[in-house]
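Each chain, written out:
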Amino acid sequence: MEERLKRSLYSFSETLILTFLCMFFLAQSFRIDGYSMEPTLYGGQRILVEKESCHLGGPRRGDIIVFQNPANPKQSFVKRVIGIGGDEIVILDSKIYLNGELLQEQYINEPTEFPKGTRYLVPPNHYFVLGDNRNHSADSRFFGSISKNFIIGRSLIIYWPFDNFRWLF
């Protein structure tokens, strides 16, 4: 009986250590606060974010990422990557152009109202991010492109509430 208890405790401690290492280095859970990513993400939902791909190769256009607020690194934001280093973003007539081509965005509900006629150049190792609910989002239009150093990870799934479960890529 004592040997069986030792094995169970050993197995439990291994599982606990592996879970901690995975959550610390590979993935992290985040709760969505606010409505800047509607209709893709809603307040109260929980998402799982994987950390490695963004640090190895960087996020891609269209990825939903979690990053530290450049003005307050203790605060995290969730936004969609629109442009990567070297890209030109133009907002004109409520439409967004990426490198001269109209960006096709099925994930937004309304045209972007602010600011119009604005041009952004994304520096190397930086990312231009926007909320899907553009007219109610604090994003790169206001605080500029974000450095790769501020990125926590890429959103993988909505896992809570469970009836909202779905992959995000």
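The preceding data block contains the structure.
This one's a predicted model, so the numbers in the text were calculated from it and none came from an experiment.

Calculation rules
- Residues numbered from 1 in each chain as written.
- Predicted model: local features only at pLDDT ≥ 70, side-chain atom pairs only at ≥ 80, totals over all residues.
- Heavy atoms only, no water.
- Pairing = 2+ DSSP bridges.
- Helix = DSSP H or I, 4+ residues; strand = E, 2+ residues; numbered from the N terminus.
- Core = buried A, V, L, I, M, F, W, Y, C linked by side-chain atoms within 4.5 Å.
- Buried < 20%, exposed > 50% of the residue type's maximum accessible area, 1.4 Å probe, protein only.
- Contact = heavy atoms within 4.5 Å.
- Salt bridge = Lys/Arg side-chain N within 4 Å of Asp/Glu carboxyl O.

A.B. asks: How should I be thinking about the sheet that holds strand 8 (residues 118-121) in this particular structure?
C.D. replies: Strand pairs in the sheet, formed through backbone hydrogen bonds, run parallel or antiparallel to each other. Spatial strand order, 7-6-5-8: four strands in an open sheet with antiparallel pairing. This sheet does not close on itself; its edge strands, each paired only once, are strand 7 (101-102) and strand 8. Across four bridges, strand 5 (residues 88-92) lies against strand 8 in antiparallel orientation. Counterpart to Val90 in the pairing with strand 8 is Arg119.

A.B. asks: Before we go on, may I ask you to explain the nonpolar core in this structure?
C.D. replies: Most often, soluble globular proteins keep nonpolar side chains buried together rather than apart. Core analysis: the biggest nonpolar cluster contains 12 residues, these being Phe30, Ile32, Met37, Leu41, Ile47, Val49, Ile64, Val66, Val78, Ile152, Ile158 and Leu168. Within the residue set of this core, elements represented by two or more residues are strand 2 (46-50), strand 3 (64-69) and strand 11 (151-160). Ignoring sequence-local partners within four residues, the contact set of Phe30 consists of Gln45, Arg46, Ile47, Val49, Val66, Ser76 and Ile152. Among the nonpolar cores identified, the runner-up in size contains 11 residues, and Ile82, Ile91, Tyr120 and Phe128 belong to it.

A.B. asks: Can you help me understand unusual backbone geometry in this one?
C.D. replies: Note: most residues except glycine have negative phi, and most peptide bonds are trans. Between Glu38 and Pro39 the backbone carries a cis peptide bond, its omega angle lying at 10°. In this fold, Pro39 is placed in the loop between strand 1 (27-31) and strand 2. With phi around 50°, Asp93 is a residue other than glycine that occupies positive phi space. Structurally, the position occupied by Asp93 is in the loop between strand 5 and strand 6 (95-98). Classification of Asp93 by relative accessible area gives exposed; the value is 60%.

A.B. asks: I keep staring at the pattern of salt bridges and nothing clicks. Help me out?
C.D. replies: Between side chains of opposite charge, pairing is possible as soon as their charged atoms come close. One pass over the full model with this rule turns up eight salt bridges. Residue Arg31 pairs with Asp33 through a salt bridge whose shortest N-O separation is 2.3 Å. For Arg31, a relative accessible area of 44% puts it in the partly exposed group. Asp33 gets classed as exposed once you look at its relative accessible area, which sits at 59%. Of the charged contacts in the structure, one is a salt bridge between Arg134 and Glu105, with a shortest N-O distance of 2.6 Å. Taken together, the residues Arg134 in the loop between strand 9 (126-130) and helix 3 (140-143) and Glu105 in the loop between strand 7 and strand 8 connect sequence positions 29 residues apart. A relative accessible area of 15% means that Glu105 is categorised as buried.

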